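# Descriptive structure summary
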Amino acid sequence: MIFSRKQNQKRPKNWLLPIILVVLLLLLLLYKGFFYNKKTTIKTEENVTYQCSAEVIKDGFFVEKGEKFGGATSQSSQHARTGKHSSLVDSNNMEGLSYTIQNPIAGKTYKAEIWQYKRDPSDLYLVVSAENPADFYQETNQTVSTEGTWWMNMELFFTIPKGKNLSSVKVFALKKKKDGKVWVDDLKITELDTLDFYSSRFNPSDFHLNINEKGNKKLKAIKQRAFSKSVLIQTDEDWIKAKVTTTKGKKKAKVRLKGDWLDHIFNGKSSFRVQLNSEDSWKGMQTFSVQSPKTRGMLREWVYHEMLGYVGVLSPRYDFINFHFNENEPLIYVYEEHFNKNLVENQLRREGPIVKLTEDRFWEGMSRSMQMSRGLASGRNKEKAFWSSEIKPFKGKKTAKNPTLKESFTIAQNLVEQYKYGLKSTSEVFDIELLAKYMAITDILQADHSLTWHNQRFYYNPVTALLEPIGFDGYGSGSPDNPSTPLYAEKVYTQQSLIEPLHRLFYDKMFVTAYLKYLQEYAQPSFIKQFLATIEEPLAAREAFLQTQHANYSYNRKSVIERAIKIQETVVPFSNSLKIFTETTEGDSVTLNLENAHILPLEVIYVGKNKVRGDKSKMVSTWVFPSKERELPNYATVKAPKWATKVHYKMAGFDSVFVAEIPAWQAPTNWSPRQELLATNNNSTPKYTENGNLILFENKKYEIKTPLILPKGKQVVFQPGAHLQFSEGGFLMSFSEVQFRGDEEMPIIVESLDGNSGAFVVMQTQGLSTLRYTIFKNQNTLAYKGWNLTGGVTFYESDVNVLGCQFIGNNCEDGLNIVRSDFKVEKCVFANIFSDAFDADFCKGNVLRCAFNEIGNDALDFSTSIISIDQCKMNQIGDKAISAGENATITATNIDVENANIGFASKDFSKLTLNKVTVSNSSKGFTAY
């Protein structure tokens, strides 16, 4: 059957409806694609699970719709958003309205909301926490909307972590400070569809890379070569033809393996550098990398890029994708933008060269060491590679062909050369503000893998004619996540390390001031929490995406805050961070040596008294840099008025001022007088006779004008008639026991010709010394460069017997001083003594048949000693004939005292026993203290 229709009859437009549907679908897709990339909250399908307006209390809980809520003791009728009541959070109730989710399901996502009413700056947080906060904890104090004048709304999105087996999580309002009051109302906890929630905040792209059989064979061979060399060293012949799927369909590309260490090719998860043809792009990039997120610390690198962007520092685009290699099951990968003009133009910079120091020599040396020595190359390899490195631009061929870029590269090359060799100051080479921000962020996030010289990348800004840092590669696959590890600056100042040009920057005052300013600002927990709150939704979305293939992984938000707190704990100077030493005094000024015991530089700003201003304080600006650990301090020097008692200092970039006292002593040095004396070779001293261990002073005169040191282990003998004459500071010190063998007809003489020399010291000997018939006269004591004794004749830890000796006309505190020794002093004469005649401390001994005449102070002075005295006469004694002090035990018999200030004195718990004593013409006979 044939049907016909008149020619002028209108045909139904059946084709119009499908077209309309297609257009609507495209519009919908564009709409979703647009908003998926926005960092705003997208409404998703919600199921209100728990809600409370603080109205009803039962059995100690708020109750609503059969659910129990905590914080009932905080109920208040003063302010309310819904109904007549709210929850008052103040110093009595630091926690307000709360709800505990029992046995939460791992991976389930929630949105918590609460409204707060406050009229003062009190800080309130909306918190979700596991029973043990270390297992799971999130918080926010950011408001997302307001109602009226005083009511403000907070939101917190959270996902129950996997692999934790939490028994409960609690959502609650928390006040951390006791000041002020806040009323909270309308706690609402909404269970979200996890997949819909995260897809609305993060829509990972699919990236397809296909390599044919021939290319795969070449790829396998390159991997085998890398395994044989233990590192991945690239050549221009390693590029492989491939096809990638872009928005314009499948396009030709070339790829090569990417990375240095073998973690980039382990377990079949190879990292690739992808280069598209000049007319093609993927996400606006023609050259980029794709790799496993484990090679960059999982989410840590993404957060690093986000924080750099947050403060305006350059970094390549970096995000997570579904990676399809030869149409296999997708793997979670990341893409990383390569260094070209798109990187800088996307971040509002004009096109300019991006430069680096070449690292080929470093990896070749590492490969040789791994192959030949089966170990990593020494630090010398890194140092040699640095000094032999070249300065090259990325996209070198394009740069060479473009006159403007080529000229810019010439300038950039000069600046990097200045940086490499320290030829110019930091502010002449770098945009110092951006460099300081980059270093502060890198320190706070512990992304210092990016700081070694062969990972550094710089953009030459043709507008400012300065270099800017580009932050990337902050973490390796094994980078530690330890909040307590040192700051990079601390490593520079306090530890020996290999050559890094970056180290020099930390001795540039302008850079250090800016760096510490931003370190202080960014390490504030409030700044970190605000930043984390800003990225929480996209961060949580990517975390959930990673968990689809890494079930137990979660980003450690808490460690970032702990790191910030740890920095705050360590960067502020301590009470003894600045050590001060007074070196010299000239007229009305003194020279101070300053040592920095802190981990960061300190700046001295005033030298004066208590007040920084108003007391004629002297304003200065002297920097004191820390010294290396295990090395002698480096001192900074400052002139100060003689009357100054305080040094005022601060840390550059900080406002707080600290104060240190100025002491009276000098800085320690690698020297002591005993060490110097023991090193003396005695060349200028007249030679005594030496035969083996025997040192013999014969019957002749010896002029001694320099220190004479007799070593340990010798037999020292002075023959009758030996005559020692000291002058010009000469003295004798023996570390061996001595034998003075004088007799009544031919005594030995030890004398000072100038009254300033002539000390005789016997120190720490093993055997017994003997002094027989020796005349000691006109002596002074040992006073050698700060080593000061009190006796003209001194025995220290050296037992001695003294017989028939004379101590006449000495010019020091003690004629004879014996310390920590056993002794016997018999038939000796002490006459015309400047102060004490005989002083013994911590000794045991006997004094027999001795005479003391014209003594300036005490005839016999014993401290903490056990002494027996018999048949002694004292005449014209300036103070005490016998003094017992510091718990001494003294027995004195047959003692005749005449013309003394005090005959006998016992003090400080001493015991003085006297028998057959006579005191005449004296001010006091007996005293006790």
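Residues numbered from 1 in each chain as written. Predicted model: local features only at pLDDT ≥ 70, side-chain atom pairs only at ≥ 80, totals over all residues. Heavy atoms only, no water.

### Considerations on the confidence of the model for the protein
The pLDDT averaged across the protein works out to 86; a share of 87% of its residues lies at or above 70. This stretch, residues 1–13, has a pLDDT under 50; its non-local contacts, to residues over four places away or in other chains, come to two contacts. This stretch, residues 22–45, has a pLDDT under 50; its non-local contacts, to residues over four places away or in other chains, come to 23 contacts. (pLDDT = per-residue confidence, 0-100. Contact = heavy atoms within 4.5 Å.)

### A short note on the pairing of strand β34 (residues 694–697)
Two strands pair when backbone bridges link them, and strand β33 (residues 689–691) and β34 are joined in this way by three bridges, in the antiparallel orientation. Among the inter-strand pairings, Thr689 is bridged to a residue of β34, identified as Leu696. Across four bridges, the pairing between β34 and strand β37 (residues 715–718) is parallel. Counterpart to Phe697 in the pairing with β37 is Phe718. (Pairing = 2+ DSSP bridges. Helix = DSSP H or I, 4+ residues; strand = E, 2+ residues; numbered from the N terminus.)

### Quick look at the packing of helix α11 (residues 432–444) against helix α14 (residues 509–522)
Look at α11 against α14: their axes get within 8 Å of each other, and the N-to-C directions meet at 45°. Here α14 runs oblique to α11, going by the angle between their axes. α14 is crossed by α11, and the crossing has right-handed handedness. The residues of α14 that touch α11, namely those facing Ile432, Glu433, Leu435, Ala436, Lys437, Met439, Ala440, Ile441, Asp443 and Ile444, are Met510, Phe511, Ala514, Tyr515, Lys517, Tyr518, Leu519 and Tyr522. Grouping the amino acids of the contact of α11 with α14 by side-chain chemistry returns 14 nonpolar, no polar and four charged. (Axes fitted to C-alpha atoms, helices over the stretch in contact; angles between N-to-C directions. Parallel < 35°, antiparallel > 145°, perpendicular 65-115°, else oblique. Left-handed = near helix turned anticlockwise from the far one by under 90°. Nonpolar A, V, L, I, M, F, W, Y, C, P; charged D, E, K, R; others polar.)

### A word on the sheet that holds strand β22 (residues 354–357)
With antiparallel pairing, the four strands of this open sheet are ordered in space as β23-β22-β24-β25. Strand pairing shows two members of the sheet lacking a second neighbour, β23 (391–393) and β25 (466–470), which therefore form its edges. Going from strand to strand, the sheet's axes swing by 35° on average, the running direction of each strand aside. Pairing between β22 and strand β24 (residues 457–461): two bridges, direction antiparallel. Across the sheet, the residue bridging to Val355 is Phe458, located in β24. Docked against the sheet, helix α9 (residues 403–421) engages β22, β23, β24 and β25, running at close to 145° with respect to β23.

### Some points on the packing of helix α4 (residues 299–310) against α11
At a minimum axis separation of 10 Å, α4 and α11 run at an interaxial angle of 150°. Both α4 and α11 take part in a crossing whose hand is right-handed. Counting all contacts with α4, which are made through Tyr304, Met307 and Leu308, the residues of α11 involved are Tyr438, Ile441 and Thr442. Residue composition of the contact of α4 with α11, by class: five nonpolar, one polar and no charged.

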